[in-house]
Amino acid sequence: MEKPSSPPAMADIFRFLAQSMRYPTAEWLNDHFWSVLLSFLDELQWHEEREALIGAKAGAADFLEDVQVEYTRLFINAIPHVAAAPYASVHSRGDGTLYGAIAEQTKKFYREKGFALVKENDLPDHIVYELEFSGLLAKDDPEGQKIFLTTLFTPWFEIFRGRVLEEAHHPYYKVVVNLIDFFTREEL
Amino acid sequence: MSVKVTRRKFLQTASLAAASIPLAKVVAAETGFVKNPFTPPGSFTGTQTVTGGVCEMCFWRCQLVGKVRDKKLVKLEGNPKSIDNGKSICARGNAGIKLLYDPDRLKFPLKNVGERGKPVWKQISWEEALDECGARLKAVQEKYGSHDIAMFPHGASAKYPMDFFEKVVGTHNVSEASFFQCRGIRDSAYMATFSVPPDESVDMANARAILLIGCHFGENVHVSHVKAYLKGLENGAKLVVVDPRYSASAAKSHIWVQIKPGTDTAFLLAVMNYLVEKDKYDKQFVAAHCVGFSQFKHGISHASLDWAARICDVPARQIQEVAELLAANAPNVSIHPGRHVSWYGNDFQRVRAQACLTAILGAIGVKGGFVKPKGVKVKAISWPKGEHGGEHNLRLLADLHHYSPPGTPTELIRDACISGKPYPIKGCVIWGQNPMQTIPNQQKTVAALKQMDFVMCVDIMPTDITMYADILLPEPCYLEKYDFIKTGTQWNFADKHQQYIAPRMPLVDAMFERRDGVWIMNEIAKRMGYEDKIPVASLEEKINKELAAVNLSIEQLKKEEGIHIQDGKDPYGVAEDLEVLLYSEDLEENGYPPIPTYIPVEEAPQGYSRLVYGRAPVHTFNRSQNNVWLHQAMPVNPVWLNDEIAGKMGLKEGDEVGLVNSDGITSSSRTVVKVTPGIRKDTVYMAHGYGSRNPLLTVGANAGVDDQELITRLAIDPETGCNGMRNNFVKLVKDGKVLDIPA
Ligand code: SF4
């Protein structure tokens, strides 16, 4: 088994964060992913969060289904409502709908940096896209990444994160949004 | 979370050595981005006009264009080429964008891993969803028979699936709300009288007088229909509005008949009797086309002005005034057939009376009268019809409702579900309909659904009924797909006669994993073993084949800006063989009154008031509840209460109240009181389509009161089996105290 050695690159970290916000399937939410996630928490000394995750997994009859149900409830269609739609425009500079002004601005920013979505009809402001994009800028355009994060990402992510922390029943997404916060917040 | 290690430190020192694999190996190989050299603004910031939209915020289907900027729909407008709605669309039409981008819309197939009514949803793949739907429907079919699958469809996209279940699977248990809780009575009553379903085919634009029984245009908005109505008024038509409430139409009327609810048939009989007695009917038309005039004359002879005045609680001279006005302007009179007519359970007789009144005024095929437009017929391509006998047809088994609209009366299906008799119904497909808010008595609907082996729903929004689904599938909305082919003529028959054909075409691509009804149904059909019966491979192919029959194609329509226009035909004139059955032997043989007859409805008990409901201009019943713009235009549905009664009850404008009905059912949410002299003392009114209890609707949930929740007393129209929904009586509840309504 190939083992990690040097510190992880920012680009990879963002790809990892993006991955962790995709719909959970057995394909990727597997033991390898899990061990990387726990290593992160270990080295960050987030012991409580680590224990919470281990406990949730150990106590689950079907851990994957628990996370899928939680993802659906938080981010797709849920009771009491779509608690935390993972789109910038639902939270920021709009009236709570998809594809608001910030989504268009985000798409424009991608273009200005020389990128476009593979699925060009997708909503550009989904959290997975925004994290992947941050990762793409991390290596060659850290200044661009910083502008992206401060002007287009953080303002809505803070609200979104608050919603997740308030609404989540399962520790997984609480941990993930805190990890994203840790790697995107300016002052850290 | 406290910060124990800083980001900088982590990035310098972390090794993730404990992980079983390097970080880069656990992430997806590809991102969702491609390198794309930056193109300066201008090439993508411009807004394009996309043609071919057909609105579905209501069933009127106005033709649209979309303003699309960089793949995003930013505005909807009427298609300037349209000879129907023209450049105009209504508030709901405009707000279609908010439906398109509503974050609460269904996005992916969902599986309920909780229980029906208290769902716990999980996103699943289409493959899994379709396999489960196919296998479980097949299991029901094999265990109990095809008839044990019930279907509740609604809207253009449900027609193809409905045909599959009726024609291929072979169940009769299909019930459309648009028939059984809405217009089916109207269609059947006109069919039984003139042999044609009337639609809303009155030539109001060219009428000299218009009679509306309960229609409230202005609050009820369908663009070209309202244009015709307003054109008629502008041209000087006299307007008579029969309504217990001072509606938007009543406000424009020459005569407002503030009728007691449930008594309209008595009113119409008295008008007709007066016309006959005073020789003010169209003798020539009656002689040429009407059957059974003498029996009819004799049968309505009891309906004097005084008789009706007592029943309807309106002055006799006002009924006379209406009759005189209609006679003076005949035959150029629009007796509007109505649309939502399922009111009291005596409705077939009322609507038949409207048809008979139209006939004795000679108001058929003439300017301003009942005139069917001559549009193009485009035949829908659908599933082949199999051989299925009538032995499991609940309506035939019960030997009831001989004038039922197509399908099976909802009540018969629901009763069979609950009782298991004459056979159990164990599979349920709900496609675009929300029976929780369309079918009275929600407790019975819940009981029917809970006993099913399998329930699947297909919808665009998480409506109340979707909480009872085992599998919930997302469809694209009308702005994202090909669909229905709208045909018609110019809206004003005084203008050059033209016909149009406008297939619905997508203005933007469907987002998420939404799939259209043809694709979904075909996939389920394959899994149920009916692959050989599939008539078309895709919705696009279906529309293209249908268009080919009139020498058109999608490609051609795109060139023609979404609407094909051709010369039309003069719609006026009466077929020589038109027969109007003023007296119907067929009705008599089946045990129903052969001439229009007034059947009294139950009176409100002491302390209660009759609850009537209607439309709001910014909503299409419950379908637009979650639309942010529309919600903001009218967030709740105030309950109209007579000012004198409100004074006696100590209520004032804006007071928050709930409602409780005579069966003890209390509204789950509250609304505000509208104090007005514009409603009878024995009646309260509210707009329908509020107060959803599905918390997935972040805007519409618990906003206003759901009148349907309070409609627990069922009246069944005997001829048609349709529901009457205005026989429920309510009190108001303020600060937890139940208040009698001292009518
Ligand atoms: S009347 Fe309004 S909601 Fe209905 S189809 Fe026309 S624009 Fe759409």
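Residues numbered from 1 in each chain as written. Chains lettered and ligands numbered in written order. Predicted model: local features only at pLDDT ≥ 70, side-chain atom pairs only at ≥ 80, totals over all residues. Heavy atoms only, no water.

A. How the structure looks around the domain arrangement of chain B. All names here are of chain B. The domains assigned to chain B are domain 1 (3–100), domain 2 (110–180 + 378–567), domain 3 (200–371) and domain 4 (609–739). The C-alpha centroid of domain 3 is placed 50 Å from the C-alpha centroid of domain 1. Counting residues at the interface gives 11 residues for domain 1, matched by 8 residues for domain 3. Across the interface of domain 1 and domain 3, roughly 790 Å² is buried in total on both sides, 62% from carbon and sulfur atoms. It is F59, W60 and D84 in domain 1 that bury the most area against domain 3; as a group they hold 60% of the surface buried on that side. Scanning the region where domain 1 abuts domain 3 turns up 0 salt bridges. In terms of residue class, the side of domain 1 that touches domain 3 is made up of 6 nonpolar, 3 polar and 2 charged. (Domains from an automatic or database assignment. Contact = heavy atoms within 4.5 Å. Buried area = accessible area lost by both parts, 1.4 Å probe. Salt bridge = Lys/Arg side-chain N within 4 Å of Asp/Glu carboxyl O. Nonpolar A, V, L, I, M, F, W, Y, C, P; charged D, E, K, R; others polar.)

B. A negative patch on the surface, seen in detail. Residue and element names in this part refer to chain B. Where like charges cluster on the molecular surface, the negative patch consists of E585, D586, E588 and E589. Assignment of secondary structure puts E589 in helix α21 (residues 585–589). Given a relative accessible area of 65%, E589 falls into the exposed group. (Patch = residues over 30% accessible without salt bridge, like charges linked within 9 Å, V, L, I, M, F, W, Y side chains within 5 Å. Areas by Shrake-Rupley, 256 points an atom, 1.4 Å probe, with all protein chains shown as cover. Lys, Arg positive; Asp, Glu negative; His and termini not counted. Charge placed at Lys NZ, Arg CZ, Asp CG, Glu CD. Helix = DSSP H or I, 4+ residues; strand = E, 2+ residues; numbered from the N terminus. Buried < 20%, exposed > 50% of the residue type's maximum accessible area, 1.4 Å probe, protein only.)

C. Looking closely at the site of the ligand. Around the ligand sit 13 residues, and of these C55, C58, R61, C62 and C90 of chain B come closest. Of the domains in this structure, domain 1 (3–100) and domain 3 (200–371) of chain B are the two that each give at least three residues to the shell around the ligand. (Near = heavy atom within 4 Å.)

D. Highlighting the sheet that holds strand β16 (residues 485–489) of chain B. All names here are of chain B. With antiparallel pairing, 3 strands are arranged side by side in an open sheet as β16-β17-β18. Edge positions in the open sheet fall to β16 and β18 (564–567), since each of these has one partner strand only. This sheet shows a mean twist of 15° between the axes of neighbouring strands, independent of strand direction. Where β16 lies against strand β17 (residues 498–503), 5 bridges are found, and the strand directions are antiparallel. In the strand pairing of β17, T489 is matched with Q499. (Pairing = 2+ DSSP bridges. Axes fitted to C-alpha atoms, helices over the stretch in contact; angles between N-to-C directions.)

E. Quick peek at the side chain of D187 of chain B. Here D187 of chain B shows up in helix α6 (residues 177–194). With residues near it in sequence (within four places) discarded, D187 of chain B still touches F179, P197 and P198 of chain B.

F. Quick peek at the sheet that holds strand β5 (residues 110–112) of chain B. Residue and element names in this part refer to chain B. Pairing in this open sheet of 6 strands is mixed, and the strands run β6-β5-β15-β14-β13-β7 from one edge to the other. With partners counted over all chains shown, the strands left at the sheet margins are β6 (121–123) and β7 (149–153), one partner each. Neighbour-to-neighbour, the strand axes of this sheet turn through a mean angle of 15°, independent of strand direction. As judged from the 3 bridges shared by β5 and β6, these two strands associate in the antiparallel manner. Paired with K111 across the two strands is K122, which belongs to β6.

G. Broad picture of the confidence of the model for chain B. For chain B, per-residue confidence averages 93 on the pLDDT scale, and 96% of positions sit at 70 or higher. Among the prediction metrics, the complex's ipTM stands at 0.86, with pTM recorded as 0.90. (pLDDT = per-residue confidence, 0-100.)

H. Spotlight on the interface of chain A and chain B. Taken together, the contact between chain A and chain B spans 75 residues of the former and 67 residues of the latter. Buried surface at the junction of chain A and chain B, summed over both partners, amounts to about 6800 Å²; 61% is from carbon and sulfur atoms. Looking at the side of chain A facing chain B, the largest losses of area belong to E43, N77 and R111 of chain A, adding up to 10% of the total buried there. At the junction of chain A with chain B, the criterion picks out 6 salt bridges. Taking the shortest distance from any N to any O, the salt bridge between K107 of chain A and D70 of chain B comes out at 3.7 Å. Summed over the shared surface of chain A and chain B, the result is 30 residue pairs in polar contact (both at pLDDT 80 or more). Secondary-structure elements contributing two or more residues to the side of chain A that touches chain B are α1 (10–20), α2 (31–44), α3 (47–58), α4 (63–76), α6 (101–112), β1 (115–117), α7 (127–140) and α9 (171–184) of chain A. A total of 9 residues in the side of chain A that touches chain B trace back to one element, the largest contributor, which is α2 of chain A. Grouping the constituent residues of the side of chain A that touches chain B by class yields 37 nonpolar, 19 polar and 19 charged. Across 3 bridges, the pairing between β1 of chain A and strand β1 (residues 33–35) of chain B is antiparallel. (Polar contact = N/O pair within 3.5 Å; in protein donor to acceptor, adjacent residues only side chain to side chain.)

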